[in-house]
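# Summary of structural features
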Protein chains: 2
Amino acid sequence: MANAALVSCSLNLSSGSKPSSHLVPSASVSLQISRSPFRRILLKGDKRLRKCRTVYAMAVSMGQEAGVQPGSGSDHSSNEAPTPKKVMVIGGDGYCGWATSLHLSNKNYEVAVVDNLVRRSFDHQLGLDSLTPIASIHNRIRRWKSLTGKDIGLYVGDICDFEFLSEAFKSFEPDAVVHFGEQRSAPYSMIDRSRAVYTQYNNVIGTLNALFAIKEFGEDCHLVKLGTMGEYGTPNIDIEEGFITITHNGRTDTLPYPKQASSFYHLSKVHDSHNIAFTCKAWGIRATDLNQGVVYGVKTEETAMHEELSSAYRLWKRRPDPGYLDIRDTVQCIELAIANPAERGEFRVFNQFTEQFSVNELAALVTKAGKKLGLNVRTVYVPNPRVEAEEHYYNAKHMKLAELGLEPHLLSDSLLDSLLNFAVQYRDRVDSRQIMPSVSWRKIGAKPKTVPA
Amino acid sequence: MANAALVSCSLNLSSGSKPSSHLVPSASVSLQISRSPFRRILLKGDKRLRKCRTVYAMAVSMGQEAGVQPGSGSDHSSNEAPTPKKVMVIGGDGYCGWATSLHLSNKNYEVAVVDNLVRRSFDHQLGLDSLTPIASIHNRIRRWKSLTGKDIGLYVGDICDFEFLSEAFKSFEPDAVVHFGEQRSAPYSMIDRSRAVYTQYNNVIGTLNALFAIKEFGEDCHLVKLGTMGEYGTPNIDIEEGFITITHNGRTDTLPYPKQASSFYHLSKVHDSHNIAFTCKAWGIRATDLNQGVVYGVKTEETAMHEELSSAYRLWKRRPDPGYLDIRDTVQCIELAIANPAERGEFRVFNQFTEQFSVNELAALVTKAGKKLGLNVRTVYVPNPRVEAEEHYYNAKHMKLAELGLEPHLLSDSLLDSLLNFAVQYRDRVDSRQIMPSVSWRKIGAKPKTVPA
């Protein structure tokens, strides 16, 4: 195995009560289920709904109705207050999903979160915790209501359970569905057979169910699906946005860009893309597939409003040379996709990142920014746990979201300063055992793995 | 919906006891489980195996040891009798799987069938039956033994159950696995949501399990996986065998051929191909992906030996313009792939068909052959239940199996004569209600569908 591919930046604080602090590769929080402010949805005498154990909705029962802004999303500009667009955010309890839910709510979309909260239990399984304390989804939603007067609906359940998803669809009647609700860790999918199978089952079947729900209950609904830049792999030609025009033996066609995913997680997203493309063609589904790069960043305008609104703090150890983007750009991209929906039957693909860095470039940026803060930064080369070329060409296009108006936040030194400052602020919560890669792409086996204490 | 795409040939017999006879689109048989000649495998005191309810093996207890031919597969030519290659045929009770199992056994491979027999129960669900009577897998294997003296092992169980598959692998220790064991009907996958989900779950997870079993229990084992020509869709450029060399913006790479599958079944095969390609790269699996065309034909050399050895008789209604091949060529292709295995880490793709016909060309062939037999043949144009272009370019390469030595049986008039004669012979078993397409690609819904009596 090559030993110079992955750079882990170990930051030794030159001052402070703890001897060392690290960037944390994964993050989440203990599970708190507080049901008190919720009530079961009991709609129009629908007895089937009463049987459904997992459907909850946020009761509108707290705080004053402050700052009500009934306007619609950014595609409406009239002075009349049109009916707000309804957006269902599947996986709305996650890092990107929660920030997106708040952003859309702030922009006067009517938002409902659908989430099975399973990510929080994965962290329990693996002994992980968030760098920052994360409030329960229920407390987050209550806090948002008390700060802004805006409601966010909540449906707790698993979209692989079609009965649950159907009830959520029929109850909320979304105009758009943003689908973050997948197992989204490549290393998790490479721990053992059962996690590989879980990842593909959960992601593929969940997305199939979402497609069937749209066809059955809201065929005009726009699916905004989160994919990943990792679906493309590292071809020796430029990566286009979803499709490539090929001339071959004198004939020409524009075809889906060939995919070469390199983990069971990334593969699950490739499978999703193919399934979605088919349903757009066969059923007239309108869909946007957002192939997202690595998201970094601590705060958006909305999560910064209160500590209880924080998303988990993450900086992922990733394959070399992908695209990166700020979480503030993630939420902006989602809004742009919703405000400018795909046509009926259209399957469009946007590459969602703003800058491209090699791991070495990133290490140099961290080193430079750390030194400015007086941190003692060392770059440590560790074996690459993944199976991939150490050096390769990489040039991916990302114009379509810019054309829709994306104004990127770039990874400047000042931003890096703020990220590092955040890590320093929460250094007491750092678990240094989680820094190094513990999953090997080659050593994955069929037997269930448990994590040592 | 266009109404001239699918041609169904309705054959009115000019004589005979029944007023009309039809080509039957699907076929299978009643389920008979006869356990008497079997015993549980009790190997070397392995208590785990004793617990496994679903593992059965053929007892060597019948007939004389006739015609024992201990030679190996066709890649061995020495006069010494080398240890025969062991081939596990997953889905070995099916149309192609059974014919392949017999062919390989006849060629002195040591063969074990792995099958959950679920295809037989699908036919019960849908009220289908085979044109020809099909013996139980147990009776078939006993008949083969009595005719040839050759044993075929049998493991009845579901490869989605990894414990079952593991025990079968550890017990049989295959040198090659031929994987036919998937839900392989496009219309079945388009009946309703639950069948769509079942198809993708069963096919994707079963194949993942096969890959993990190879990695865990026999990493040198060669996976020969059945894909379909339908994975490619109908691009406006030539279809290559699995990979295409693309020059784009001045750079060149050879990449997986873009896939545009057009049913949840075809999509499941696309997902499989991506998963297998990844494991070849990451784990060094050796794999051959056989993108097969439409298989026709009643008999192989081996199934013709006795009525109880028959495979189901099928002639599928399929999308326009795919490749076709005789079932005698299917079994030949599988043997060629096994005898010339992929290298460690190699993912190779062969397009497995011998001729290309449009539906109209096929209808003309049937008409011509039917007239020779004195049949009154009418061509009936019916609406196309699938979503696809009615007219399109189609040119698919299929050189690699020819280069390995495939000697095709072409769809000559005489062969067509014999197929039609077979239909006439079994005309009393024809169920004319099954001729017309009953599943619509556009009308598939989320609610479970049942089949009217």
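Residues numbered from 1 in each chain as written. Chains lettered and ligands numbered in written order. Predicted model: local features only at pLDDT ≥ 70, side-chain atom pairs only at ≥ 80, totals over all residues. Heavy atoms only, no water.

## Here we look at the pattern of salt bridges
All names here are of chain A. Inspection of every chain in the model, using the stated rule, returns 28 salt bridges over all chains. In this structure, Asp 272 and Lys 225 form a salt bridge, with 3.0 Å as the shortest nitrogen-oxygen distance. Within this pair, whereas Asp 272 is found in helix 8 (residues 264-283), its partner Lys 225 is found in strand 9 (residues 222-228), the two being separated by 47 residues in sequence. Relative accessible area serves as the criterion here: at 0%, Asp 272 is assigned to the buried category. In the salt-bridge network here, residues are joined through shared partners; they are Glu 182, Lys 225, Lys 269 and Asp 272. (Salt bridge = Lys/Arg side-chain N within 4 Å of Asp/Glu carboxyl O. Helix = DSSP H or I, 4+ residues; strand = E, 2+ residues; numbered from the N terminus. Buried < 20%, exposed > 50% of the residue type's maximum accessible area, 1.4 Å probe, protein only.)

## Regarding the sheet that holds strand 5 (residues 86-90) of chain A
Residues and elements named next belong to chain A. Spatial ordering of the open sheet is given by 7-6-5-8-9-12-15, a layout of seven strands whose pairing is parallel. At either end of the open sheet lies a strand with only one pairing partner, and these are strand 7 (152-156) and strand 15 (347-352). The average angle at which neighbouring strand axes cross in this sheet is 20°, direction not considered. When strand 9 meets strand 12 (residues 286-292), the two strands line up parallel, connected through seven bridges. In the sheet register, Leu 226 faces strand 12, and the bridge partner there is Leu 290. (Pairing = 2+ DSSP bridges. Axes fitted to C-alpha atoms, helices over the stretch in contact; angles between N-to-C directions.)

## Let's talk about unusual backbone geometry
For residues other than glycine, phi is negative in most cases, and the peptide bonds are mostly trans. Residues and elements named next belong to chain A. Residue Asn 108 is not a glycine yet carries a positive backbone phi of 75°. Tracing the backbone shows Asn 108 in the loop between helix 2 (95-106) and strand 6 (110-115). Here Asn 108 falls in the buried class, since its relative accessible area comes to 15%. The backbone of Leu 117 sits at a positive phi, close to 60°, despite the residue not being glycine. Residue placement: Leu 117 occurs in the loop between strand 6 and helix 3 (118-126). Under the relative-accessibility criterion, Leu 117 is labelled buried at 6%.

## Focus: the sheet that holds strand 13 (residues 294-296) of chain B
Residues and elements named next belong to chain B. Reading across from one edge, 13-14-16 is the order of the three strands in this open sheet, with mixed pairing throughout. The open sheet is flanked by strand 13 and strand 16 (355-356), the only strands paired with a single partner. One ladder, built from three bridges, connects strand 13 with strand 14 (residues 323-326); its direction is parallel. Across the sheet, the residue bridging to Val 294 is Tyr 324, located in strand 14. This element, helix 9 (residues 327-339), spans strand 13 and strand 14 of the sheet and lies at about 85° to strand 14. (Contact = heavy atoms within 4.5 Å.)

## Details of the environment of Ile 134 of chain A
Structurally, the position occupied by Ile 134 of chain A is in the loop between helix 3 and helix 4 (137-148). With 168 residues separating them along the chain, Ile 134 of chain A and Glu 302 of chain A place their C-alpha atoms 15 Å apart.

## Observations regarding the confidence of the model for chain A
Residue and element names in this part refer to chain A. Considering every residue of chain A, the mean pLDDT works out to 81; 78% of them sit at 70 or more. For the stretch residues 1-78, pLDDT sits under 50, and the model shows 205 contacts to residues farther than four places along the chain or on other chains. Here the predicted complex carries an ipTM of 0.85, next to a pTM of 0.85. (pLDDT = per-residue confidence, 0-100.)

## Quick look at the packing of aromatic side chains
In total, this model carries 19 aromatic pairs over all chains according to the counting rule given. With 5.7 Å between their ring centres and 90° between their planes, Tyr 201 of chain A and Tyr 201 of chain B make a pair best called edge-to-face. Remark: Tyr 201 of chain B occurs in helix 7 (residues 193-217) and Tyr 201 of chain A occurs in helix 7 (residues 193-217); the pair is interchain, linking two chains. By relative accessible area, which is 29% here, Tyr 201 of chain A ends up partly exposed. One aromatic cluster in this structure is built from Phe 212, Phe 278 and Trp 283 of chain A together with Phe 264 of chain B. (Phe/Tyr/Trp six-rings, centres within 6.5 Å; stacked < 30°, edge-to-face > 60°.)

## Let's talk about the relation of the copies chain B and chain A
With an axial shift of 0.0 Å and an RMSD of 0.0 Å, the rotation relating chain B to chain A amounts to 180°. Accordingly, the operation relating the two chain copies is best matched by a two-fold axis. (Least-squares fit on C-alpha atoms with pLDDT ≥ 70 in both.)

## So, the nonpolar core
Formed by 124 residues in total, the largest nonpolar core has its most connected members in Phe 264 of chain A together with Phe 264 of chain B. Apart from the residues lying within four places of it in its own chain, the contact partners of Phe 264 of chain A are Ser 189, Met 190, Ala 196, Thr 199, Gln 200 and Ile 444 of chain A together with Leu 208, Phe 212, Asn 275, Phe 278, Thr 279 and Trp 283 of chain B. (Core = buried A, V, L, I, M, F, W, Y, C linked by side-chain atoms within 4.5 Å.)

## Considering the packing of helix 2 of chain A against helix 4 of chain A
All names here are of chain A. Look at helix 2 against helix 4: their axes get within 12 Å of each other, and the N-to-C directions meet at 20°. The angle between helix 2 and helix 4 places the two elements in the roughly parallel class. Judged by the twist between their axes, the crossing of helix 2 over helix 4 is right-handed. Across the interface between the two elements, Trp 98, Leu 102, Ser 105 and Asn 106 of helix 2 pack against Ile 137, Arg 140, Ile 141 and Trp 144 of helix 4. For the contact of helix 2 with helix 4, the residue count by class is five nonpolar, two polar and one charged. (Parallel < 35°, antiparallel > 145°, perpendicular 65-115°, else oblique. Left-handed = near helix turned anticlockwise from the far one by under 90°. Nonpolar A, V, L, I, M, F, W, Y, C, P; charged D, E, K, R; others polar.)

## A closer look at the packing of helix 2 of chain A against helix 9 (residues 327-339) of chain A
Geometry of a packed helix pair, given as the angle between the helix axes and the separation of the axes. Residue and element names in this part refer to chain A. In contact at an axis separation of 9 Å, helix 2 and helix 9 are set at 60° when each is read in the N-to-C sense. If you check the angle between helix 2 and helix 9, you find them oblique. As for the relative orientation of helix 2 and helix 9, their crossing is right-handed in sense. Here Tyr 95, Cys 96, Ala 99, Thr 100, His 103 and Leu 104 of helix 2 lie close against helix 9, whose contacting residues are Ile 327, Thr 330, Val 331, Gln 332, Ile 334, Glu 335 and Ile 338. For the contact of helix 2 with helix 9, a count of residues per class yields eight nonpolar, four polar and one charged.

## Side note on the interface of chain B and chain A
On the side of chain A, 56 residues touch chain B, which itself brings 56 residues to the contact. Of the roughly 5100 Å² buried at the junction of chain B and chain A (both faces included), carbon and sulfur atoms supply 66%. Between chain B and chain A we count zero salt bridges in total. For the side of chain B that touches chain A, the element with the highest residue contribution is helix 7 of chain B, accounting for twelve residues. Residues of the side of chain B that touches chain A, tallied by class, amount to 28 nonpolar, 14 polar and 14 charged. (Buried area = accessible area lost by both parts, 1.4 Å probe.)

## Some words on the environment of Pro 437 of chain A
Relative to the helices and strands, Pro 437 of chain A is located in the segment after helix 12 (413-425). Once the C-alpha coordinates of Pro 437 of chain A and Pro 385 of chain A are considered, the two residues, 52 residues apart in sequence, prove to be 6.9 Å apart.

## A closer look at helix 4 (residues 137-148) of chain B
Residue and element names in this part refer to chain B. Its twelve residues give helix 4 an end-to-end C-alpha distance of 16 Å, which sits within 8% of 16 Å, the value for a rise of 1.5 Å per residue. Most of helix 4 sits out of view: nine of its twelve residues are buried. Among the residues of helix 4, those classed as buried are Ile 137, His 138, Asn 139, Arg 140, Ile 141, Arg 142, Trp 144, Lys 145 and Thr 148. Looking one or two places after helix 4, you find Gly 149, whose phi comes out positive at around 80°. (Expected span 1.5 Å × (residues − 1).)

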